[in-house]
Amino acid sequence: MRKVIAAILIPFTAAVVVGLVVLWPGGAPPHKHTGVGFDQQTQQATVTRVVEVSCKAVNASGETPTGDTSTAEGNSAQQEANGTCHQATIRVDTGKDKGRTFTEIVQPDQARQLHQGEQVVTAYEPSAPRDLQYSVTDVNRHLPLGLLAGIFALAVVVVGRLRGVMALVALAISFLVLNFFILPAVLQGANPLLVAVVGSSAIMLIALYMCHGLSARTSVAVLGTLASLALIGILGSAFIGWAALTGNTDDQTGLIHGLYPKLDMSGLLLAGVIIGSLGVLDDVTVTQTSAVWELHEANPTMGWRGLYRAGIRIGRDHIASVVNTLVLAYAGAALPLLLLFSIAQSGVVTVANSELVAEEIVRTLVGSIGLVASVPVTTLLAALVVATDRPGPERETTTAGAAAGRGGRRRKR
């Protein structure tokens, strides 16, 4: 069985390496900034002063075209006209205009209010008039995000020790593969599905072997993950095509399609399904393999059928929890969208039929089918491999001694 595993994984690993070399992009292709969404030049800045001003005095509000204040838009405009705005002075801290200041009016109904001393992100549009070249687009979250990442890393190392350190290294390598291979290769025009398969396979091999060691146990988990990813790719391709999902459903994907019109957006959607399923698949396959190995250690005389039956009972609990986790994770990410449908009082069928929600349904169900299939496949592979182990002389002596000890204790009783 170990020779069979090696005969599969060694050529597969070689194919992944060749794929990385052939598809390696060498960087994302350049393009002219459009100034829309994320595709804009940004600089770091600081709010140096905030003063209250009359909205009417700075002409920060306007009337509706019809003058009708009974509508939500007209009522909001009337409240702004009678309200107090804030005039913020912002200093640019990076770039060629470092030290330059500009002012921005913050209306009272805006979700984000500026405060003195706050670090912000500004958008820069060189073609605009000088007074309008800079505008605040977001706040600077480097400190809280960095602190949270540090707490996460510390928790992983404290609990996981050396295994936790290796997990963090594998996580860093996964991000490097994503940023320097998968994303640039897709933008260079390579097939998104092929790039996702090669990139996710490289991440899988590096992460699993680095975290769990080069062993038959890890190799079984790799095989189980590989088989499940293949199933997810087949089902995803079939149902994305059948449901006529374009992958172009919001402003960001629309911007990507506008910048790179030849990019296969439906293929990009399928690539996202595969990459998104990989992390949870690793968890399931490693857990199932470890469970079968531990069952074998506890009872070396158990055959592969007994190991499979015991392992699959553990797997059923795992399936129930993981599928529920996936559904809730996707529902949580799409909660604002679901809330909009609820406000519109749309029926369940209408909501599910919209492409935005249909994408998440296909993503969730295809990934869940792959997860469900990974449990019996990985458990069966692990049971077959571990059941073929033959204990060496030292283990036979230890097992015989333990059995004699148990028999001796019985006779003493």
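Everything below is about the structure shown above.
Rules of the game
Residues numbered from 1 in each chain as written. Predicted model: local features only at pLDDT ≥ 70, side-chain atom pairs only at ≥ 80, totals over all residues. Heavy atoms only, no water. Helix = DSSP H or I, 4+ residues; strand = E, 2+ residues; numbered from the N terminus. Buried < 20%, exposed > 50% of the residue type's maximum accessible area, 1.4 Å probe, protein only. Phe/Tyr/Trp six-rings, centres within 6.5 Å; stacked < 30°, edge-to-face > 60°. Axes fitted to C-alpha atoms, helices over the stretch in contact; angles between N-to-C directions. Parallel < 35°, antiparallel > 145°, perpendicular 65-115°, else oblique. Left-handed = near helix turned anticlockwise from the far one by under 90°. Contact = heavy atoms within 4.5 Å. Pairing = 2+ DSSP bridges. Core = buried A, V, L, I, M, F, W, Y, C linked by side-chain atoms within 4.5 Å. Polar contact = N/O pair within 3.5 Å; in protein donor to acceptor, adjacent residues only side chain to side chain. Salt bridge = Lys/Arg side-chain N within 4 Å of Asp/Glu carboxyl O.

Visitor: Got a minute to help me understand unusual backbone geometry in this structure?
Guide: Outside of glycine, negative phi angles account for most residues, and trans bonds account for most peptide bonds. Within the chain, Arg161 stands out as a residue other than glycine whose phi angle is a positive 55°. Topologically, Arg161 is positioned in helix α3 (residues 142–187). Phi is positive for Ala244, close to 55°, though the residue is something other than glycine. Within the fold, Ala244 resides in the loop between α5 (216–242) and α6 (251–259). For Ala244, a relative accessible area of 55% translates into the label exposed.

Visitor: Help me understand the packing of aromatic side chains, please; the structure alone is not making it clear to me.
Guide: Any pair of aromatic rings gets described here by the distance separating the centres and the angle formed by the planes. Applying the stated rule across the entire model yields 4 aromatic pairs. Considering the side-chain rings of Phe239 and Trp242, the 5.8 Å spacing of their centres and the 40° angle between planes classify their relative orientation as tilted. A residue pair is termed a helical-turn pair when its members lie 3 or 4 positions apart in one helix, as Phe239 and Trp242 do in helix α5 at 3 residues. Under the relative-accessibility criterion, Trp242 is labelled exposed at 72%. Each member of the aromatic cluster is reached from another via a ring pair, and the members are Phe102, Tyr124 and Tyr134.

Visitor: Where do I start with the packing of helix α4 (residues 192–212) against helix α7 (residues 265–298) in this structure?
Guide: Helix packing for two helices is described by the angle between their axes and how far apart those axes are. Contact geometry for α4 and α7: axes closest at 9 Å, N-to-C directions at 20°. Taken together, α4 and α7 sit at an angle that is classed as roughly parallel. The element α4 and its partner α7 pack so that their crossing is right-handed. Contact residues: Pro192, Leu193, Ala196, Val197, Ser200, Ile203, Met204, Leu208 and His212 in α4; Gly267, Leu268, Leu270, Ala271, Ile274, Ile275, Leu278, Asp282 and Val286 in α7.

Visitor: I keep staring at the sheet that holds strand β3 (residues 101–106) and nothing clicks. Help me out?
Guide: In sheet architecture, strand pairing relies on hydrogen bonds along the backbone and comes in two forms, parallel and antiparallel. If you trace the 5 strands from one edge of the open sheet to the other, you get β3-β2-β1-β4-β5, paired in antiparallel fashion. Either end of the sheet is taken by a strand with one partner, and the two such strands are β3 and β5 (134–139). In this sheet, adjacent strand axes meet at a mean angle of 45° when their direction is disregarded. Judged from the 5 bridges that link them, strand β4 (residues 119–124) and β5 form a sheet pairing that is antiparallel.

Visitor: Just checking my understanding: could you explain the nonpolar core for this structure?
Guide: Counting residues in each nonpolar core, the largest one holds 54 residues, and the members touching the most others are Phe181, Val195, Val222 and Trp293. Secondary structure elements with two or more residues in this core: α1 (2–23), α3, α4, α5, α7, α8 (304–333) and α11 (355–387). The leading source of residues in this core is α7, at 11 residues. Residues in contact with Val222, not counting those within four places in the same chain, are Leu9, Met204, Leu205, Leu208 and Tyr209. Listed in part, the 12 residues of the second largest apolar core include Ala88, Val106, Leu114 and Val120.

Visitor: Would you explain the side chain of Ser374 in this entry?
Guide: Within the secondary structure, Ser374 sits in helix α11. Separated by 2.6 Å, the side chain of Ser374 and the backbone oxygen of Leu371 make a polar contact. Those residues in contact with Ser374 that lie beyond four places of it in its chain are Ser228, Leu281, Val284, Thr285 and Thr379.

Visitor: I would appreciate a short explanation of the pattern of salt bridges in the present structure.
Guide: Working definition: two side chains of opposite charge can pair if their charged atoms are close together. Within the structure shown, the criterion is met by 6 salt bridges. In this structure, the salt-bridge partner of Asp93 is Arg91, at a minimum N-O distance of 2.9 Å. Between Asp97 and Arg100 there is a salt bridge, with the nearest N and O atoms lying 3.4 Å from each other. Each member of the pair, Asp97 as well as Arg100, is classed as buried.

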